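Chains, contacts and geometry: an overview
These are the residues of each chain, in order.
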Amino acid sequence: MSEAGSGPAPAAPPRRRQLAILFSDLSESTRIAGRLDPEDYAELLARLRQEYHRAVEAHGGAVAQISGDGMLAIFGHPEAREDDGRRAVEAALALHAAVEAMAGGPFRLHSGVHSGLVLLHEGDTVRGRFEVTGNATNIAAKLCGLAEAGQILVSEATLGPERHLFETSERSRLTLGGKEEPVTVLAVHGAVAGRRFTSSVRGGLTPFIGRGRELAGLGHALGDMLAGNARFVEIEGPAGVGKTRLAEEVIGRALARGATVHRGECDPAAAPLQPILQILRSLLGNDDALPAGAAGWRAAVEEAGRQGPLLLFLDDWHLADDASREMLGVLHDLERLPLLVLATSRPGEGRISAFDVLPLAPFDADETREAVTRLLAAPDPFVIGKVLHSSGGNALFIEELCHSIADGRMGDGTPWLAALIEARLSRLPAAEAALVRQAAVIGTLVPAWLLEAITGHGEADPLVSALARQDFIFPGEREGMLRFKHGITREAVYESVRLKERRVLHGRIAEALLGRARETGEEEPHEALAYHYGAGEDWPATARHAELAGDKAAAVSALDRAQAQYRAALAALDRLPPSNEIAYRWGRIAQRFGRSGVFDPARDQIPVFDRAVELAAGRGDEAAMAWARYWLGYIYYGLGEPDTAIRRWQQALADAALVNDQRLISETRVALGQGHAAACDYEQALPLLDEAIEAKRAHLSPERPPIIFAYSLSCKGFALGDMGRFDEAHACFAEAMAAIKGARHEGEVSVLNQYAVVHLWQGRPEEAVALAQAGAAVAERVHSLYSHAMSRSIIAYAQWVIAPDPERADALLETTKWLEASGRGQFTSLNHGWLSQVMVASGRIAEGRAYAARALNRARKHDRLGEAVALRAMAQASAALGWRKPAVHYLALAYAAGRARKAPHEEAATRLCEAEIAAACGDAAAADAARAEAMRGYAALGIQLAASPAAILARPVPPSTR
């Protein structure tokens, strides 16, 4: 049975809205219905409906539908509020309490709350007052279904920072079925007593950084107060910029210098004079004798000021009622009183005329980087860049984005942030709201000419200026360019645009961009055109422009963007009717997609080439099948699975031979050489690499950097270096570097990093640092997390070799986490082996053994570069713990690992490790013999022991760990 709203009305078009959704059901309703007479049960349902309406409406929500004993309520319509999620939870708490107190019980509810984007329709007698469709509704319903009797389950993202206003369970991750990502859920037990900021402290304050200029100004005001002079200061800034956090820093300093602090918080839903009454109660310590009127208020403040320095803090003053403003005004002429009135407010929302205004700007790039680094464990530079772009330096946005990243949501924002932005959007006049929605469809960056072409409003238009004052869009860094202040803001506004309207706008924007290019004779903006045609669902145009945009990005080594554009082209082709022509084009683009990802493959690329194989098989194109398998081999190679890569390449080689594709045969033999080198099977690798190098050398072109040629030389040099043939290795690397010097391609990073590792093997860590630093710079430019992480790892380890200290060990730990996050396994046994060595040498035995185990696990997958290092670390750890037999066992395995690679530097290092362990165990003769053998090994390789990483390895384990 449904309950509808009053009176029929013309059906309004559905709207896209960010809403908080509350589902509540009567627990054990079947049992209750069975024990009650039907008339009594009907009366219970009627009372339940009354309580639903009473609790929901008291908290600013609307009952959308009642069906039997269950209810769906929405918060955020018709007026969106920043705290709709909190209101929904407070309504659920009030509702549960009211139902549990109903006569004839006990009765209990179970409820679920979730926020998100929904489509809101006006309802009818069947569907209820409103019909709400969307995944957010489904999640709220599922949470309600999972809740136990009396329990309220709420998604953490719904509450955002206001989660600290409630007593909750520990966070849990629930998989709700279907294709949905797991949801982080809290069980709410009740509200926290106290005011908002006091409650949020329970969750810990965000790190306080920067704000030197603002603190200096507030410090002067604090000094005036302590000198006996009244000051009135307003900290002004947009929502989330950190006004309250800055005020709390000043309050802490005031308390430390003997001031008394009293607080008032403004809430538009509260009774008049709320902030003034809060301060009076705090001043007087009770409610019994509150002074009446303005004179009593002024007298109470003066009396408190005579007792000592007094700070009155008014949070969210822009929400204050007129009566509170009038009461505060009677203090403005107080001059000789040790008083500081400190208020926070938003720009243009009720500025206090008598106050000194301190504008608070967003964090700059350095401050944002520091904040993210403090909030996240070992964030990689690309995560930091994403937060900077999306947050625009807004402190609250930074905190919530970091929270979502830590929660596995990859920093895509939260429903709470989207609701906050929609609340701001809903307060705009209709013309401004329409304009900002149209701008959001254009993008985060908005060319002024394009905005005028689409909307009729140019850069100097008053409506555009008004949006800048409202902190939505403002002039960009380049003339003629506007931009959204925050990426999150643009995304939330964009999502509020109805789908049909959005498609039409995207089509108009694409045509405007194309027309502009034709008028000016400039190159067509293929990337922008691909985006807008795609969002407008013009699939042929999307495929064309995305393919061209991918080619353009690949030509300048912007490989991450090239991959994204080729993916978009393939997705567009999949939306077209299948044909042989489409299948052929699909395979051709997939090949370029593979070429752009060859140095930065990811597991999610595998389905692309599985599909390429399928399409090629469908049209009987054996050559295309062979090429797809070739690229599959490269993906597995980059993921650190050389054995699988080699099998794929052998299959591709056989296929290429069947169709006599000489180019593919040649390329696959090159790849097999690289794969065998990665597996440390140098006997098979070197002839294949030599063959490839000679073939490529004969066909070098000055028009483009010979990346594959240089990488083949690098792989050969790497293998020769591992085999101790350093002079030959240096010659290979010199030729490779000369071939691609300055190419700034991701392949250049691979060459630089491999050369750096060879320098480490040769005992030259300073040169390794310089090479890896050059690699890191290129990796950051081409946006490759794996390559950047590998470069930074080499730098951290080499610097530890030069001068061991805990900071460098921590840096290696950090970059290894980046590598693990990238999903790439290639050569990561080096990191794990190095970490095992560093940890054991630092006395962190348990951690060293754990990383050694990881290195040995990688060795089982034929990534054997860190195997011998890890086994030596295990031997040292065993000796440190007094386990002589295991130490001897691990040394024997380390010898075998080095010999399997034909790596004499590993055998010399193991011999030296054996000498040090023997010396630590009191066997001087064995120690002298092993040390002498090690010295002969190093001398034969031309390695100076003092500069060798083996010398660091050989340092005795600190006695405290033995």
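Residues numbered from 1 in each chain as written. Predicted model: local features only at pLDDT ≥ 70, side-chain atom pairs only at ≥ 80, totals over all residues. Heavy atoms only, no water.

Turning to the side chain of Asp655, a few remarks are in order. Relative to the helices and strands, Asp655 resides in helix H27 (residues 642–658). Take Asp655: its relative accessible area is 16%, and that puts it in the buried class. Reaching out from Asp655, the side chain makes a polar contact with the side chain of Arg629 at a distance of 2.6 Å. The contact partners of Asp655, leaving out residues within four places of it in the chain, are Ala626 and Arg629. (Helix = DSSP H or I, 4+ residues; strand = E, 2+ residues; numbered from the N terminus. Buried < 20%, exposed > 50% of the residue type's maximum accessible area, 1.4 Å probe, protein only. Polar contact = N/O pair within 3.5 Å; in protein donor to acceptor, adjacent residues only side chain to side chain. Contact = heavy atoms within 4.5 Å.)

Structurally, Gln944 can be placed in the loop between helix H41 (924–941) and helix H42 (949–953). Since its relative accessible area comes to 61%, Gln944 is described here as exposed. Note: C-alpha distance between Gln944 and Ala821 (123 residues apart in sequence) is 36 Å.

Further remarks concern the packing of aromatic side chains. Scanning all chains against the criterion turns up 14 aromatic pairs. An angle of 80 degrees between the planes, with centres 6.0 Å apart, marks the rings of Tyr634 and Tyr637 as edge-to-face. Within this pair, Tyr634 and its partner Tyr637 are both found in helix H26 (residues 622–638), separated by three residues, close to a single helical turn. You can call Tyr634 buried: its relative accessible area is 4%. Ring pairing ties together the aromatic residues Trp627, Tyr630, Trp631, Tyr634, Tyr637 and Trp649, which thus form one cluster. The ring of Tyr494 carries Arg502 above its face, with NZ or CZ at 4.4 Å from the centroid. If you follow Arg611 out to its NZ or CZ, it ends over the ring of Trp586, 5.5 Å from the centre. (Phe/Tyr/Trp six-rings, centres within 6.5 Å; stacked < 30°, edge-to-face > 60°. Lys NZ or Arg CZ within 6 Å of the ring centre and 35° of its normal.)

Following both chains from N to C, one finds helix H22 (residues 539–555) and helix H24 (residues 580–596) inclined at 25 degrees, their axes separated by 11 Å at the closest point. When the axis of H22 is compared with that of H24, the two are roughly parallel. Two packed elements cross with a definite hand, and for H22 against H24 that hand is left-handed. Contacts from Ala543, Arg544, Glu547 and Asp551 of H22 reach H24 at Arg585, Arg588, Ile589 and Arg592. Of the residues in the contact of H22 with H24, the class split is two nonpolar, no polar and six charged. (Axes fitted to C-alpha atoms, helices over the stretch in contact; angles between N-to-C directions. Parallel < 35°, antiparallel > 145°, perpendicular 65-115°, else oblique. Left-handed = near helix turned anticlockwise from the far one by under 90°. Nonpolar A, V, L, I, M, F, W, Y, C, P; charged D, E, K, R; others polar.)

Just distances and angles here, no functional claims.
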